[in-house]
Amino acid sequence: MKISFVLNGRDVLLDTDPLRRLLDVLRDEFNLTGVKEGCGEGECGACSVLVNDKIMYSCILPVGSVDGSRVLTIEGYRETERYKVLQEAFTEAGSVQCGFCTPGFIMAAEALLSEDASPDEKSIREAISGNLCRCTGYSMIVDGIKIASRKGRGLW
Amino acid sequence: MGDYINIGRSVRKIDALSLATGADKFTDDYEIHDPLYIAILYSPVAHAEIKQIDVSAAEKVRGVVDVLYYGNVQRVLHTTAGQGYPEPSPYDALLFDRRVRFVGDRVALAAAETREAAIEAVKKIEVKYRDLEPLFDMEKAMDESAPRIHVDDEYTKIPAEYRPEQNLAAEIKIGFGDLERGFNEADFIEEQSYRMHYASHCAIEPHTSCAYFDDRGRLVIVTATQVPFHVRRIVSTVLDIPVMMIRVIKPRIGGGFGGKQEVILEPLVALVAWRNKRPAKVVMSRKEVFISSRTRHPMRVRLKTGVKRDGRISAIEMDCLMNTGAYGTHALTVLANAGGKVLPLFNKIENLKFHGRSVYTNLPVGGAYRGYGATQGYFAFNQHMDIIARRTDQDITDFFKRWHIREGETSAVFKALGEGKEGVSQVINSCKLDECIDRGAGAIGWHGKRGKRIESGRNRVKGMGMAIAMQGSGIPGIDMAAASMKMNDDGSFNLYVGATDIGTGSDTILAQIAAEVLKIPVEMIIVLSSDTDLTPFDTGAYASSTTYISGGAVEKCAEDIKNQLLDTASVMLKAEKDSLKLDAGKVIDKKTGKKVPYDKIAYHTLYIQDQFQIQAQASCTASESPPPFIAQFAEVDVDRSTGKAEVVKFVSAVDCGQPVNPVLAEGQVEGAVVNGLSYALCEDYIFNSKGRMVNPRFWDYKIYTAADIPEIITIVVNSFEKSGPFGVKSVGEIGINGPAPAVANAIFDAVGVRMYETPMTPEKVWKRMKEEGVN
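Residues numbered from 1 in each chain as written. Chains lettered and ligands numbered in written order. Predicted model: local features only at pLDDT ≥ 70, side-chain atom pairs only at ≥ 80, totals over all residues. Heavy atoms only, no water.

A. Representation of the overall build of chain B in the model. Of the regular secondary structure elements, chain B holds 19 helices and 30 strands. Relative to its length of 775 residues, chain B is compact, with a C-alpha radius of gyration of 27 Å against a globular reference of 28 Å. Expressed as lengths along the three principal axes of its C-alpha atoms, the size of chain B is roughly 85 × 70 × 50 Å. Split into buried and exposed, the 775 residues of chain B put 66% on the buried side. (Helix = DSSP H or I, 4+ residues; strand = E, 2+ residues; numbered from the N terminus. Rg over C-alpha atoms; globule rule 2.2 N^0.38 Å. Buried < 20%, exposed > 50% of the residue type's maximum accessible area, 1.4 Å probe, protein only.)

Take a look at the structure:
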């Protein structure tokens, strides 16, 4: 089946099984390896991408379902000013340890901040509760998002 | 200490940027040209002999290239434990065996052109099992009537108690003084058993390995490992491929926590690649990680103490029974640590006995897991001491301060209990545990809240608990790390280390150590780590060794570079070497003020006069293992009607010597704390009656999310460890030891019931309250 969508700002068209996982299509067809697989069952969030600005687990999303949509991965998002603020804040706060979950957390942070530019602590914790991290204990990621929200005022 | 430019500063993790952008590569991100994909068939039964195995249907699946099982794979006994050689774990595992010993044991593999074909093929392998009686209860493992799990020629490489005919994978006995006399002198005896359960490391990156050939036909293994050099050695042994034909590369690693100290997948990708002369790749699913990789060893710890009225302990007996599962990986050393990292903390007890046994069962395999036995030992120890402090009417913080080991003191246990062999004597050089206790107590408001049973709502009551712990810094007399450096034209340096950054930030802190010696910003150090062709040796990322031992190698190496810089500068500046010093990327003559920058020195040595390259290498071992210390405090809110214990605040105060990078050190402690809380309260392996784990997925093996965690405070209490580079000790593991006992003590403080068993789920707390009649 022919599927077309906007991937990181570019129109793409591919002929593939619509039931293929979006994760596999992103990694295998487009070499977007910033999208990680940690559990394959929509629990850990390492594969998070934005589909029409909503945070989604690409490991449980059939590629057919994004036909006609906008898909943003870390590789597209990292070109933005917002990303640079988040990256700076994550680095400063110690939010990155092994880094395997980091792209997913950054996408979740973007999804949150685009809805609420100055979220309180509870909203931050809820917004990233779909992403698992075993290294940091989360507090440093929450701090990173707080710093980004402060320093990126006006961007979101 | 104030004049450090890199040590003690939270410089940015050198790989943070490339990790955040998603650009830095993990194993599964390597583009391997045209690999064979491997799928593995696991045993559905806990204990059986394979009567018959038919792979013909699997071989016929389109795209299948190779199917491997015991019938066509060499039989080489080994251990998957990635430890130094000779490994202290028994040689009791084969790549594939006729016998399966747990649900999740490997039966066969299929290698195919696509992942799908490989998965389809393993489903078509027909296996007929002859069921054997399974053994699930570790308490019965040594009974005469118990089924025997290892019946062939398993053996140990080191002299150790190993009796597979009794399902005994390891046994340790030590003691000193006169136990009976000690108990007789006591005013009362306190005796209890404490149990800790299975857990999965849950590194978010699953175990992943791939292998390919370089242009000269050598085998290159890229793998998610904590122990690249042990991987090379073990693969070489198991597959009979010369070490020189193997290169192991460790890319970025998505967390380890001990789980990737096992050499599980590497021999499989190597074997498939070697047989088929094709690249090969395998990625475990989350379910496979849960059922077939490694776990925290469950342990039952019985503590018996003789106690004087004033709280002095006249005798202590520690009896540990550890379930190592189907294979004896780390069976001896985790067991040793349960005593060796715990008992020296109370070093004034004159009469002591430690007896530990690790036994085989038909359950998942234990392995290295952050804390490494100390976690299990401290769960028992800290609750037991809380009981004694209460029985002798003392605040546990005062009790701990009175009895813990101090600077200048030693414990006979250090020598008696090593890891696989006798330990080493050591005197404590640095211990700021009193300050940890005081500052932690202050931060949580201990004295205002403990014992108050403050009502926090209808049927809700608060309690306070605390725990102390020590760990080690590397394995003395066993671990070895090496580093090398060379200078570039622009005054930058390449630093090559065998040390393995698994997400901890060791690349960063090792660069900080080198940069500190050379008085340059950390950005001037280019780190390459863990490539067996390019970097020097290191035993790997385990035993809390990297900062202390690998850091020691880097410091020595950088000191050599410094010496060469001074030699060259003294020629260039026509100055006495003694009057020179390094300062901000230059060598300065203190007498004349003349200076020469590093790039000029490099240029001089590379192109101008008496040409040579400024380069050095150094190795480091340790003759002692200075313990870091920690005090941890939990404030818990218990719902009496449901038994739910919610941690509302958790404080850790840690003495890790001089922290190299405070943010990274705090990150280690906080990560360990959250793992420890999640383990203490909700993570659990649930088995059915046939030994099958029924919850091998994140939605019902629940690990904490950001929404579940309490307020967490981490205090780094500086000390100076004179045996470590720049005064460092370790910090990677220690933080996981306190959460479970601190929470258990807090639950007691709140509702008056002892939780002798983890996880402390609402059901269990509620049941205990029923038993004690307190709700």
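Moving on from the model shown.
B. View of the packing of aromatic side chains. Residues and elements named next belong to chain B. Taken as a whole, this structure holds 29 aromatic pairs over all chains when the rule is applied. With centroids separated by 5.6 Å and ring planes inclined at 35 degrees, the aromatic side chains of Tyr198 and Tyr685 adopt a geometry described as tilted. Here Tyr685 lies in the loop between helix 17 (662–681) and strand 30 (711–716) and Tyr198 lies in the loop between strand 9 (188–196) and strand 10 (208–213), a separation of 487 residues in the sequence. The exposure classification of Tyr198 matches that of Tyr685, with both residues buried. Taken together, a centroid distance of 5.9 Å and an interplanar angle of 80 degrees make the contact between Phe290 and Phe698 edge-to-face. Within this pair, whereas Phe290 is found in helix 7 (residues 286–292), its partner Phe698 is found in the loop between helix 17 and strand 30, the two being separated by 408 residues in sequence. The class for Phe290 is buried, based on a relative accessible area of 1%. For Phe698, a relative accessible area of 3% puts it in the buried group. One aromatic cluster is present, formed by Tyr198, Phe290, Tyr685, Phe687, Phe698 and Tyr701 through successive ring pairs. Its end group placed over the ring of Phe96, Arg106 keeps NZ or CZ at 5.8 Å from the ring centre. (Phe/Tyr/Trp six-rings, centres within 6.5 Å; stacked < 30°, edge-to-face > 60°. Lys NZ or Arg CZ within 6 Å of the ring centre and 35° of its normal.)

C. Layout of the pattern of salt bridges. As enumerated under the stated definition, the model contains 73 salt bridges over all chains in all. Taking the shortest distance from any N to any O, the salt bridge between Arg125 of chain A and Glu121 of chain A comes out at 2.8 Å. Remark: Glu121 of chain A and Arg125 of chain A occur in helix 5 (residues 121–127); sequence separation between them is 4 residues, near one turn of the helix. Judged by relative accessible area, which is 13%, Arg125 of chain A ranks as buried. The class of Glu121 of chain A is partly exposed, set by a relative accessible area of 33%. Between Arg402 of chain B and Asp310 of chain B there is a salt bridge, with its nearest N and O atoms 3.3 Å apart. (Salt bridge = Lys/Arg side-chain N within 4 Å of Asp/Glu carboxyl O.)

D. Spatial organisation of unusual backbone geometry. Residue and element names in this part refer to chain B. Note the cis peptide between Tyr85 and Pro86, where omega equals -10 degrees. Mapped onto the fold, Pro86 is located in the loop between strand 3 (64–68) and strand 4 (99–100). Each neighbour pair has its own omega, and for Thr758 with Pro759 the value is -10 degrees, a cis peptide bond. Of note, Pro759 is situated in the loop between helix 18 (739–751) and helix 19 (762–772). Even without being glycine, Ser544 reaches a positive phi, approximately 50 degrees.

E. Local environment of helix 6 (residues 266–276) of chain B. The element helix 6 of chain B is extensively covered by neighbouring structure, given that 8 of its 11 residues are classed as buried. Lys277 of chain B sits one or two positions beyond helix 6 of chain B and adopts a positive phi of about 50 degrees.

F. Expanded view of the pairing of strand 29 (residues 645–655) of chain B. Residue and element names in this part refer to chain B. Among the 11 residues of strand 29, 9 are classified as buried, and the element is accordingly described as predominantly covered. Where strand 29 meets strand 30, 6 bridges bridge the pair, whose relative direction is parallel. Paired with Lys649 across the two strands is Glu711, which belongs to strand 30. At this point the chain moves from strand 29, through helix 17, to the parallel strand 30, and the crossover so formed is right-handed. (Pairing = 2+ DSSP bridges. Right-handed = clockwise from strand over helix to strand, strands pointing away.)

G. Quick peek at the interface of chain B and chain A. Contact with chain B, which involves 49 residues of that partner, is made by 42 residues of chain A. Taken over both partners, the interface formed by chain B and chain A buries close to 3700 Å², and the fraction arising from carbon and sulfur atoms is 58%. Three residues, Arg12, Ile204 and Ala706 of chain B, lead the burial of chain B against chain A; their summed loss comes to 17% of the area buried on that side. Applying the counting criterion to the chain B and chain A interface returns 5 salt bridges. Between Glu683 of chain B and Arg134 of chain A there is a salt bridge whose closest N-O contact spans 2.7 Å. Counting every contact that joins chain B to chain A gives 19 residue pairs in polar contact (both at pLDDT 80 or more). Broken down by secondary-structure element, the contributors of at least two residues to the side of chain B that touches chain A are helix 1 (16–20) and helix 17 of chain B. The element best represented in the side of chain B that touches chain A is helix 17 of chain B, accounting for 9 residues. By residue class, the composition of the side of chain B that touches chain A is 23 nonpolar, 13 polar and 13 charged. (Contact = heavy atoms within 4.5 Å. Buried area = accessible area lost by both parts, 1.4 Å probe. Polar contact = N/O pair within 3.5 Å; in protein donor to acceptor, adjacent residues only side chain to side chain. Nonpolar A, V, L, I, M, F, W, Y, C, P; charged D, E, K, R; others polar.)

H. Structural context of the sheet that holds strand 24 (residues 580–583) of chain B. All names here are of chain B. The sheet built from 3 strands is open, its strands ordered 24-25-26 with antiparallel pairing. Lying at the two open borders of the sheet, with one neighbouring strand each, are strand 24 and strand 26 (595–597). Going from strand to strand, the sheet's axes swing by 20 degrees on average, the running direction of each strand aside. Judged from the 4 bridges that link them, strand 24 and strand 25 (residues 586–589) form a sheet pairing that is antiparallel. The residue bridging Asp583 from the neighbouring strand is Lys586, located in strand 25. Lying over the sheet, helix 15 (residues 546–572) contacts strand 24, strand 25 and strand 26, oriented at roughly 120 degrees with respect to strand 24. (Axes fitted to C-alpha atoms, helices over the stretch in contact; angles between N-to-C directions.)

I. Structural context of a nonpolar patch on the surface. Residues Tyr603, Tyr607 and Ile608 of chain B make up a contiguous nonpolar surface patch of roughly 330 Å² in combined accessible area. Take Ile608 of chain B: it is sitting in helix 16 (residues 598–608). (Patch = residues over 30% accessible without salt bridge, like charges linked within 9 Å, V, L, I, M, F, W, Y side chains within 5 Å. Areas by Shrake-Rupley, 256 points an atom, 1.4 Å probe, with all protein chains shown as cover.)

J. Fine view of the side chain of His197 of chain B. Counting through the fold element by element, His197 of chain B comes out in the loop between strand 9 and strand 10. With residues near it in sequence (within four places) discarded, His197 of chain B still touches Arg296, Pro298, Tyr679, Glu683, Asp684, Thr758 and Pro759 of chain B.

K. Region of interest: the packing of helix 9 (residues 374–391) of chain B against helix 10 (residues 396–403) of chain B. All names here are of chain B. Close contact between helix 9 and helix 10 brings their axes to 9 Å; oriented N to C, the two are set at 110 degrees. On the basis of the axis angle, helix 9 is roughly perpendicular to helix 10. Within the contact between the two elements, helix 9 uses Phe381, Asn382, Met385, Asp386, Ile388 and Ala389 and helix 10 uses Ile396, Phe399 and Phe400. For the contact of helix 9 with helix 10, the class distribution of residues is 7 nonpolar, 1 polar and 1 charged. (Parallel < 35°, antiparallel > 145°, perpendicular 65-115°, else oblique.)

L. Geometry of the sheet that holds strand 7 (residues 161–163) of chain B. Residue and element names in this part refer to chain B. The strand order 7-8-17-16-15-9 describes an open sheet built from 6 strands, whose pairing is mixed. Each edge of the sheet is formed by a strand with only one pairing partner; in this case those strands are strand 7 and strand 9. Looking at each pair of strands side by side, their axes are set apart by 15 degrees on average, direction ignored. Across the sheet, helix 9 touches strand 9, strand 15 (299–307) and strand 16 (313–325), and the angle it forms with strand 9 is around 145 degrees.

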